[in-house]
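# Structural characterization, general
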Amino acid sequence: MSARVVAGRIALYAVLLLALVPVLFPVYYVFAGTFMQPRELATFPPQLVPTGFHLDNIQRVLDAVPLVRMYGNSLLMAGIITLAQLITSVLAAYAFVFLRFRFSAIVFALFLSTLMVPSESTIIPNYLTLSDWGLHNTVTGLVLPFLAYAFGTFLLRQSFRQFPTELRDAARVDGMGHLRFIRTVLLPLSKPTLSAVGVYVFITSWNMYFWPLIMTRTTEMQTLQIGLNSLRNAESANPGLWLAGAALSVLPTLALVLFGQRFIVRGLTAGAVK
């Protein structure tokens, strides 16, 4: 390897590291500020390294809001939505790829057109409908409008199109039904795409704020994002309280991104190259 190539790679890595700093610094400061005392956060220029691991901010967050209960509500809501969207997306994508029916291209185009509908335009109709059904302040009311979504169907359809239809025909000759083919053949070979869809849906559901805000009335049913917003009124003079709450809320999604990054990349690029 020539010296010019080595120098070029070093320069490239240096540029990438410089570009990485503004991306990672806010995440670092959230976690660093969690363990800082109020006087450390108020210094100028800002102090970047805590003098010690002070747990006062975390304890105050736990005292200010029922964080454990809100964590459970968020996990339950995001988990149900993720599982439901994976099931509905798999079944819909399978139908578009392996089942022959008239006007399938038109139906799929109409299906994708729902992605162009702003979610804000459906909030009021959904709210009025679910309130009339008596689902206000319930888990069912939180998750019902989000059990199916076209984006996951689109990604899985692109992945399923890589499988030859002859494979499905051979399985049918062997007496394998649709659900068994999906369970034993299709899903094990589509793990990267399933992981990408699952991570995307979970993060989106976890960060949901406005819908849980209008659908919940009691603290016992509120999600974590609503609880974090209430920290502004709990102790507004202590920014460490906000940072501690933000650090606790970002842990699940950060873990998903770190450990599932390769599946996300492989899943999103599935079907891009034949």
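Cut-offs applied
- Residues numbered from 1 in each chain as written.
- Predicted model: local features only at pLDDT ≥ 70, side-chain atom pairs only at ≥ 80, totals over all residues.
- Heavy atoms only, no water.
- Helix = DSSP H or I, 4+ residues; strand = E, 2+ residues; numbered from the N terminus.
- Rg over C-alpha atoms; globule rule 2.2 N^0.38 Å.
- Buried < 20%, exposed > 50% of the residue type's maximum accessible area, 1.4 Å probe, protein only.
- Areas by Shrake-Rupley, 256 points an atom, 1.4 Å probe, with all protein chains shown as cover.
- Lys, Arg positive; Asp, Glu negative; His and termini not counted.
- Charge placed at Lys NZ, Arg CZ, Asp CG, Glu CD.
- Expected span 1.5 Å × (residues − 1).
- Bend = angle between axes of the 7 residues up to and from the residue.
- Contact = heavy atoms within 4.5 Å.
- Core = buried A, V, L, I, M, F, W, Y, C linked by side-chain atoms within 4.5 Å.
- Phe/Tyr/Trp six-rings, centres within 6.5 Å; stacked < 30°, edge-to-face > 60°.
- Lys NZ or Arg CZ within 6 Å of the ring centre and 35° of its normal.
- pLDDT = per-residue confidence, 0-100.
- Axes fitted to C-alpha atoms, helices over the stretch in contact; angles between N-to-C directions.
- Parallel < 35°, antiparallel > 145°, perpendicular 65-115°, else oblique.
- Nonpolar A, V, L, I, M, F, W, Y, C, P; charged D, E, K, R; others polar.

### With respect to the overall build of the protein chain
- Along the protein chain, the regular secondary structure elements total 15 helices and zero strands.
- A compact globule built from 274 residues would reach a C-alpha radius of gyration of about 19 Å, whereas the protein chain, at 24 Å, exceeds it by more than 25%.
- Summarising its shape, the C-alpha atoms of the protein chain cover approximately 70 × 70 × 30 Å along the three principal directions.
- Within the protein chain, buried positions represent 36% of all 274 residues.
- Accessible area for the protein chain stands at about 16,200 Å²; split by element, carbon and sulfur atoms hold 69% of it.
- For the protein chain, the distance from the average site of its 19 positive side-chain charges to the average site of its 10 negative ones is 15 Å.

### Section: helix α1 (residues 3–34)
- In this model α1 runs 45 Å from its N-terminal to its C-terminal C-alpha over 32 residues, within 8% of the 46 Å that 1.5 Å per residue would give.
- Of all the bends in α1, the greatest reaches close to 40° and is centred on L24; the proline P26 follows between one and four positions later.
- For α1, every residue scored as buried is listed here: Y29, V30, A32, G33 and T34.
- Those residues of α1 that are buried are in contact with α2 (38–41), α3 (56–64) and α14 (239–259).

### What to know about the nonpolar core
- With 28 residues, the main nonpolar core has F98, F160 and L186 as its most contacted residues.
- Sorting the residues of this core by element identifies α4 (67–98), α6 (120–132), α7 (139–143), α8 (150–160), α10 (178–186), α11 (191–206) and α12 (210–215) as the ones contributing at least two each.
- If you tally residues by element for this core, the top one is α4, at seven residues.
- Core analysis: the next-biggest nonpolar cluster, separate from the first, contains 14 residues, V61, L224, L241 and L248 among them.

### Re the side chain of Q225
- With respect to the secondary-structure elements, Q225 resides in helix α13 (residues 224–234).
- Each residue touching Q225, except ones within four places of it in the same chain, is listed here: W206, N207, M208, Y209 and S249.

### Concerning the packing of aromatic side chains
- Inspection of the entire model under this criterion finds twelve aromatic pairs.
- Ring geometry for Y94 and F181: centres 6.2 Å apart, planes at 50°, overall tilted. Residue Y94 is found in helix α4, and its partner F181 is found in helix α10; the two are separated by 87 residues along the sequence. As far as the burial class goes, Y94 and F181 line up, both buried.
- With a centroid separation of 6.0 Å and 80° between ring planes, the pair formed by F146 and W211 is classed as edge-to-face. Taken together, the residues span a long stretch of sequence, with F146 in the loop between α7 and α8 and W211 in helix α12 at a distance of 65 residues.
- With a relative accessible area of 24%, F146 lands in the partly exposed category.
- An aromatic cluster is defined as three or more aromatic residues linked by ring pairs; in this entry it consists of F96, F101, F108 and F111.
- Here the guanidinium or amino end of R157 rests over the ring plane of F108, the centre of that ring lying 4.0 Å away.

### Comments concerning the confidence of the model for the protein chain
- Confidence in the prediction of the protein chain, expressed as mean pLDDT, is 82, and 92% of residues score 70 or more.
- Summarising per-element confidence for the protein chain, the mean pLDDT is lowest in helix α15 (residues 261–268) (61) and highest in α7 (92).

### Quick notes on the packing of α4 against α10
- The interhelical angle for the contact between α4 and α10, taken along N-to-C directions, is 105°, at an axis separation of 12 Å. What the angle tells us is that α4 and α10 run roughly perpendicular. For the pair formed by α4 and α10, the contact residues are V90, L91, Y94 and F98 on the first element and H178, L179, F181, I182 and L186 on the second.
- The residue inventory of the contact of α4 with α10, partitioned by class, reads eight nonpolar, one polar and no charged.

### Considerations on the packing of α8 against α11
- Here α8 crosses α11 at 170°, and the two axes come no closer than 10 Å. Considering their axes alone, α8 and α11 lie roughly antiparallel with respect to each other. Of α11, the residues touching α8 (which contributes F151, G152, L155, L156 and S159) are T193, L194, V197 and Y200.
- Counted by class, the contact of α8 with α11 contains six nonpolar, three polar and no charged residues.

### What to know about unusual backbone geometry
- Here F103, not a glycine, exhibits a phi torsion of approximately 60°, which is positive.
- With respect to the helices, strands and loops of the structure, F103 is situated in the loop between α4 and α5 (104–113).

### What about the environment of T253?
- For T253, the position within the fold is in helix α14.
- Between the alpha carbons of T253 and W206 there is a distance of 7.9 Å; along the sequence they are 47 residues apart.

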